[in-house]
Amino acid sequence: MPKDSGIGASSKRREDLRFLTGAGKYTDDINIHGQTYVHFLRADVAHATINSIDTTAAAAMPGVVQVFTGADFEAVGGIPCGWQVTDRFGEPMQEPRHPVIAHGTIRHVGEIVAAVVGETLAQARDAAEAIVLDLTEKPAVVDMKAAATEGSTKVHDDLASNICYDWGFVEENRDAVDQAIKDAAHVTTLELVNNRLVANPMEPRVAVGEYSRSDDMHTLHTTSQNPHVIRLLMGAFVLGIPEHKLRVVAPDVGGGFGTKIFHYAEEAFCTFAAKAVNRPVKWTSTRSEAFMSDAHGRDHVTKIELAMDADNNFTAIRTETYANMGAYLSTFASSVPTWLHGTLMAGNYKTPLIYVNVKAMFTNTVPVDAYRGAGRPEATFQLERVIDKAARERGVDPIALRRQNFVTEFPYATPVAVEYDTGDYEATMAKLEEIADIDGFAARRAESEAKGKLRGLGVNCYIEACGIAPSNLVGQLGARAGLYDAATVRVNATGSISVMVGAHSHGQGHETSFPQVISEMIGIPEDQIDIVHGDTSKIPFGMGTYGSRSLAVCGSAMVRAAEKVINKAKKIAAHLLEASDADIELKDGQFSVAGTDKSVAWGDVTLAAYVPHNYPLEDIEPGLEETAFYDPANFTYPAGAYACEVEVDPDTGKVTIERFSAADDFGNVINPMIVSGQVHGGIAQGIGQALLENCAYDEDGQLISASYMDYAMPRADDLPFYTVDHSCQTPCTHNPLGVKGCGEAGAIGSPPSVVNAVIDALQSGGKNVTHIDMPVTPARVWEAMNNA
Amino acid sequence: MTGISMVVNGRAVSGDVEGRTLLSSFLRDDLRLTGTHVGCDTSQCGACVVHVNGKAVKACTMFAVEADGAEVATIEGEANADGSLSVIQQAFQDHHGLQCGFCTPGMVMSAAALLKDNPKPTETEVRDYLEGNICRCTGYHNIVKAIMAASGQDVSAIAAE
């Protein structure tokens with residue numbers, strides 16, 4: 001029987017009530033008395049010297065409060081990067097200044113050149129049109145390999161080159177890997193592009209800055225996944241505001257997918273300008289602005305080589321990747337192609353030798369940073385594509401080749417620095433074969449062929465590292481922050497509970513799933529527990545939600561805090577029951593003395609804590625509220641196996657997803673309904689990357705996919721129903737809930753199986769096509785078929 | 001500025017707007033009905049779908065002055081009179097048809113318009129109808145399932161959860 005509450009129950013989401021009735025409170029729904037509106041004048045060229053900006057006419061327009069340019073921000077800091085990568089020669093990465101408003105040079109289309117604050121948005125927008133810019137255009141650097149050549153135009157004149165870093169991992173293995181590839185019985189090589197994407201949460205970014213002169217207090221309302229991170233970065237590095245004078249509030253946030261992790265110029269601007277004009281300043285991004293100012297994702301160009309012995313055992317992997325950073329380093333940009341990518345190159349397989357080289361490039365494009373999966377989709381895609389290609393070259397079944405090379409014993413130390421604590425890759429593969437009905441594929445292919453269609457089956461595995469991260473480890477690797485999280489469990493006098501958490505929910509359903517954990521621990525109904533998140537003035541210093549970390553890290557902090565609460569409550573109960581602490585048990589909201597019928601209810605104990613008339617005041621303090629910070633001992637390693645079946649129309653090249661199945665191992669699952677929903681959404685984004693989405697620049701650095709007319713978002717009629725399963729569970733060994741994280745798996749695990757399926761379909765039609773770059777559009781498929 | 005009046009969710013309202021003011025802005029900024037969301041500027045995403053004189057309309061494609069004299073229904077008027085969720089809203093909750101909630105008002109209003117015209121849509125008909133509503137969270141699986149369930153169809157055979 002499925003449970004109806006607590007851990008493992010598909011509790012319905014309580015947050016839905018406000019979202020379904022139009023009562024959600026998103027940042028753009030915040031309107032403060034006296035607020036002004038900012039319109040940003042953004043660069044429409046990719047690279048130029050700013051000779052002058054004349055704002056005189058604009059400043060005189062009706063309703064204009066103040067016009068700002070880069071000169072107004074000379075005295076404040078640049079937007080910081082949170083991770084310093086050391087290159088393979090032991091040198092720190094090149095790290096250019098990232099101004100709030102361009103000053104002297106424009107480096108990408110969409111960069112802020114000036115800002116008009118007006119009484120109304122329309123007035124600010126009208127006035128921006130009266131700003132006169134005198135620019136000298138420069139050649140744009142767009143292609144990463146061209147950017148790496150001697151003599152290329154530089155994005156930053158003050159840097160030595162366009163190479164942010166040239167990273168080798170593990171550098172000590174380089175020669176051994178080269179030798180193993182020379183000695184191999186067979187080497188499969190694949191060159192591929194991991195296409196540039198735009199995260200596109202449906203809510204565009206918004207920032208509202210407020211300032212109170214009477215107490216020198218700044219407040220920023222913003223669409224963020226991690227308000228404390230924004231307070232830290234903006235307060236300490238950009239504007240020089242101490243924490244106690246800066247409050248950051250991220251209320252209901254309409255999706256993040258990584259792109260709302262980062263600290264953005266618009267946040268700093270609104271906070272700064274609110275003080276300068278002494279009125280609230282509001283900015284609401286249009287979708288067009290979002291395309292040219294939200295950090296983009298992916299954008300890797302990779303060559304991977306997989307070496308095998310005569311028996312098809314993997315012996316070595318060597319990769320060379322160019323990773324686009326864009327014009328400036330966004331908050332976590334530098335860590336994505338390195339520590340979130342290179343460390344996953346072992347995948348689910350026991351390859352003894354691996355070497356990963358990554359050249360991170362500056363180009364005249366929007367900054368690139370983490371997008372759902374962040375580095376791990378790029379690792380998974382190249383590995384699972386090259387394995388499929390190798391299986392074809394060797395004439396073996398791609399599932400069998402994977403099985404043969406699976407890691408089967410845990411813990412497993414990979415040759416790329418991480419240690420998988422637990423897993424069972426055979427179990428998820430077997431589950432996949434069952435739910436995807438792999439045995440029935442031949443019959444389905446025959447049916448498709450009878451209709452004149454080609455049918456293909458693509459399978460892949462994935463592993464990811466979640467629950468970022470052990471602070472001491474990431475500190476050694478260059479992170480400039482700790483990556484613990486925090487929770488405060490506040491028990492009220494009558495026994496209800498408020499839990500203040502560092503994690504932020506922007507679609508993940510924490511308001512429902514987190515109380516399930518507390519309910520299970522104490523044995524009181526879920527509706528007696530509320531979650532408070534998203535406001536630095538209310539929650540402890542936690543690092544927010546990204547990298548599928550909320551439950552594994554913040555949830556662990558919550559469990560630790562609840563354990564402290566329970567331990568204290570047991571002491572109170574022992575006093576009330578005139579027993580020893582050690583004999584007190586808590587079950588179903590009742591404290592009882594072991595082996596007796598003496599008991600006291602949760603609510604009586606909590607009341608005693610706040611009305612301490614009969615209370616051991618000499619031993620313990622009144623009240624019942626505890627905070628815990630949790631710093632994980634290791635990453636968590638969700639893993640699984642995915643299968644996609646496509647039909648390809650040989651006349652048009654159109655690919656249709658016929659079936660999609662996912663077998664995941666997320667460890668223990670708190671709310672299966674929510675977990676399935678997370679996987680569905682991830683799969684849709686992965687299929688979007690594989691078939692539809694592409695963020696494209698022309699050679700002049702113009703963004704040519706800057707609206708939903710040009711950037712193909714997956715729509716309901718592009719996608720099938722999915723079959724997902726998370727019954728294979730190897731609990732994480734090092735966090736108290738045994739959870740691993742599920743937010744990114746779908747996006748990581750799905751693109752390779754889609755492309756593998758298309759290649760399988762084309763090969764079944766006698767076309768010798770071995771690779772098509774994503775997005776696998778009808779035009780690309782048609783071209784590949786007709787050139788094969 | 002032009003004076004306009006209309007009936008929104010059964011209540012008579014009026015205001016003064018510029019000719020360029022969109023219906024979505026009038027609802028959000030003048031009437032403070034912030035349940036209608038704006039997710040794009042090319043009339044693609046559908047987060048702003050409302051009903052004007054009984055027809056589903058993207059409120060960003062219509063000037064407020066064009067709605068002068070019209071009957072407008074928004075997400076704020078969708079629940080039952082006693083505040084309980086409508087059949088469609090309840091189906092969205094029951095089947096986890098929303099995550100971040102931003103596209104949800106438009107999805108619910110589109111679903112309501114679909115079921116009015118086509119009380120028992122097939123999966124394909126639901127997916128085709130939602131062509132103009134983009135969701136980035138759910139992969140549509142549970143939205144399609146919720147709408148079919150709201151139409152009284154048995155969705156238990158659809159892939160679990």
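Quick note: structure is the one above.
This section reports on the structure supplied with the text. (Residues numbered from 1 in each chain as written. Chains lettered and ligands numbered in written order. Predicted model: local features only at pLDDT ≥ 70, side-chain atom pairs only at ≥ 80, totals over all residues. Heavy atoms only, no water.)

Next up on the list: the overall build of chain A. On a plain count of helices and strands, chain A comes out with 19 helices and 28 strands. Relative to the globule expectation of 28 Å for 788 residues, the C-alpha radius of gyration of chain A, 27 Å, shows essentially globular dimensions. Seen along its three principal axes, the alpha-carbon backbone of chain A occupies a region of about 85 × 70 × 55 Å. Taken over 788 residues, chain A has a buried fraction of 64%. Within chain A, contacts between residues at least 6 apart in sequence are counted, and of these 80% link residues at least 24 apart. Summed over its atoms, the accessible surface of chain A is roughly 26,000 Å², and 49% of this surface lies on carbon and sulfur atoms. For chain A, the distance from the average site of its 63 positive side-chain charges to the average site of its 102 negative ones is 1 Å. (Helix = DSSP H or I, 4+ residues; strand = E, 2+ residues; numbered from the N terminus. Rg over C-alpha atoms; globule rule 2.2 N^0.38 Å. Buried < 20%, exposed > 50% of the residue type's maximum accessible area, 1.4 Å probe, protein only. Contact = heavy atoms within 4.5 Å. Areas by Shrake-Rupley, 256 points an atom, 1.4 Å probe, with all protein chains shown as cover. Lys, Arg positive; Asp, Glu negative; His and termini not counted. Charge placed at Lys NZ, Arg CZ, Asp CG, Glu CD.)

What follows covers the sheet that holds strand β24 (residues 599-601) of chain A. All names here are of chain A. Read from one edge of the open sheet, three strands run β22-β23-β24, paired in antiparallel fashion. Either end of the sheet is taken by a strand with one partner, and the two such strands are β22 (584-587) and β24. For this sheet, the mean inter-axis angle between neighbouring strands, taken without regard to orientation, is 25 degrees. Summarising the sheet, β22 and strand β23 (residues 590-593) pair through four bridges and their orientation is antiparallel. For Glu585, the partnering residue across the bridge sits in β23 and is Ser592. The strands touched by helix α15 (residues 550-577) within the sheet are β22, β23 and β24, with β22 carrying the most contacts at an inclination of about 120 degrees. (Pairing = 2+ DSSP bridges. Axes fitted to C-alpha atoms, helices over the stretch in contact; angles between N-to-C directions.)

Pairing is possible between side chains of opposite charge, provided their charged atoms come close. Per the stated rule, a full pass over the model turns up 50 salt bridges over all chains. The shortest N-O distance in the salt bridge between Arg28(B) and Asp29(A) comes to 2.8 Å. With one member in each of two chains, Arg28(B) in helix α1 (residues 23-30) and Asp29(A) in the loop between α1 (16-20) and β1 (36-42) form a pair that bridges those chains. Arg28(B) gets classed as buried once you look at its relative accessible area, which sits at 7%. Judged by relative accessible area, which is 8%, Asp29(A) ranks as buried. As a salt-bridge pair, Glu693(A) and Arg136(B) come within 2.8 Å of each other at their nearest N and O atoms. On the criterion of chain membership, the pair formed by Glu693(A) in the loop between α17 (672-692) and β28 (723-725) and Arg136(B) in the loop between α4 (123-129) and α5 (141-150) is interchain, its members lying in two chains. Glu693(A) gets classed as buried once you look at its relative accessible area, which sits at 0%. Overlapping salt bridges, with partners in common, bring together Asp437(A), Arg444(A), Lys451(A), Arg455(A), Glu645(A), Glu647(A) and Arg659(A) in one network. (Salt bridge = Lys/Arg side-chain N within 4 Å of Asp/Glu carboxyl O.)

With that settled, the discussion passes to the nonpolar core. Counting residues in hydrophobic clusters, the biggest one holds 185 residues, and the most contacted among them are Trp83(A) and Phe92(B). If you tally residues by element for this core, the top one is helix α18 (residues 745-764) of chain A, at nine residues. Core analysis: the second largest hydrophobic core is formed by 47 residues, Val553(A), Leu586(A), Trp602(A) and Ile620(A) among them. (Core = buried A, V, L, I, M, F, W, Y, C linked by side-chain atoms within 4.5 Å.)

Our next topic: the interface of chain B and chain A. Tallying the contact residues gives 52 residues for chain B and 58 residues for chain A. Across the chain B/chain A interface, buried area totals approximately 4,600 Å², and carbon plus sulfur atoms make up 55% of it. In this structure, Asp94(B) engages Lys12(A) in a salt bridge whose closest nitrogen and oxygen atoms are separated by 2.7 Å. Every element with two or more residues in the side of chain B that touches chain A is listed here: α2 (87-94), α3 (104-117), α4 and α5 of chain B. Its residues assigned to classes, the side of chain B that touches chain A shows 20 nonpolar, 18 polar and 14 charged. (Buried area = accessible area lost by both parts, 1.4 Å probe. Nonpolar A, V, L, I, M, F, W, Y, C, P; charged D, E, K, R; others polar.)

Packed helices, taken two at a time, are described by the angle between their axes plus the distance between the axes. Residues and elements named next belong to chain A. Where helix α14 (residues 510-522) meets α15, the closest approach of the two axes is 11 Å, and the angle between their N-to-C directions is 35 degrees. For α14 against α15, the interelement crossing comes out right-handed. Only Ser550, Leu551, Cys554, Gly555, Met558, Val559, Ala562, Glu563 and Ile566 of α15 make contact with α14, whose side of the interface consists of His510, Phe514, Val517, Ile518, Met521 and Ile522. (Left-handed = near helix turned anticlockwise from the far one by under 90°.)

Our next topic: the packing of aromatic side chains. All names here are of chain A. One pass over the full model with this rule turns up 26 aromatic pairs over all chains. Measuring from ring centre to ring centre gives 5.1 Å for Phe68 and Phe269, while their planes differ by 90 degrees; the resulting arrangement is edge-to-face. Placement of the pair is Phe68 in strand β3 (residues 64-69) and Phe269 in helix α7 (residues 265-277), with a sequence separation of 201 residues. Taking the relative accessible area as the measure of exposure, Phe269 reaches 0% and is therefore buried. On the numbers, 5.4 Å between centres and 85 degrees between planes, the contact of Phe410 with Tyr425 is edge-to-face. One end of the pair, Phe410, is in the loop between α10 (398-405) and β16 (412-413); the other, Tyr425, is in helix α11 (residues 425-435), and 15 residues separate them in sequence. For Phe410, a relative accessible area of 23% translates into the label partly exposed. (Phe/Tyr/Trp six-rings, centres within 6.5 Å; stacked < 30°, edge-to-face > 60°.)

Residues and elements named next belong to chain A. Read from one edge of the open sheet, four strands run β18-β26-β27-β28, paired in mixed fashion. If you trace the sheet from one side to the other, it starts and ends with β18 (454-463) and β28, each paired once. Pairs of neighbouring strands in the sheet enclose a mean axial angle of 10 degrees, with direction left out of account. Summarising the sheet, strand β26 (residues 639-648) and strand β27 (residues 655-665) pair through ten bridges and their orientation is antiparallel. In the strand pairing of β27, Ala643 is matched with Ser661. α18 contacts β18, β26 and β27 of the sheet and is inclined by roughly 150 degrees relative to β18.

Turning to the pairing of strand β9 (residues 206-212) of chain A, a few remarks are in order. Residues and elements named next belong to chain A. The buried count for β9 comes to five of seven residues, which makes it a mostly enclosed element. Where β9 and strand β12 (residues 281-284) come together, four bridges link them in antiparallel fashion. Residue Val206 lies in a different strand from β12, and its bridge partner there is Thr284. Sheet topology places β9 next to strand β10 (residues 217-222); six bridges connect them, and they run antiparallel. By the bridge assignment for β10, Tyr211 is matched with His218.

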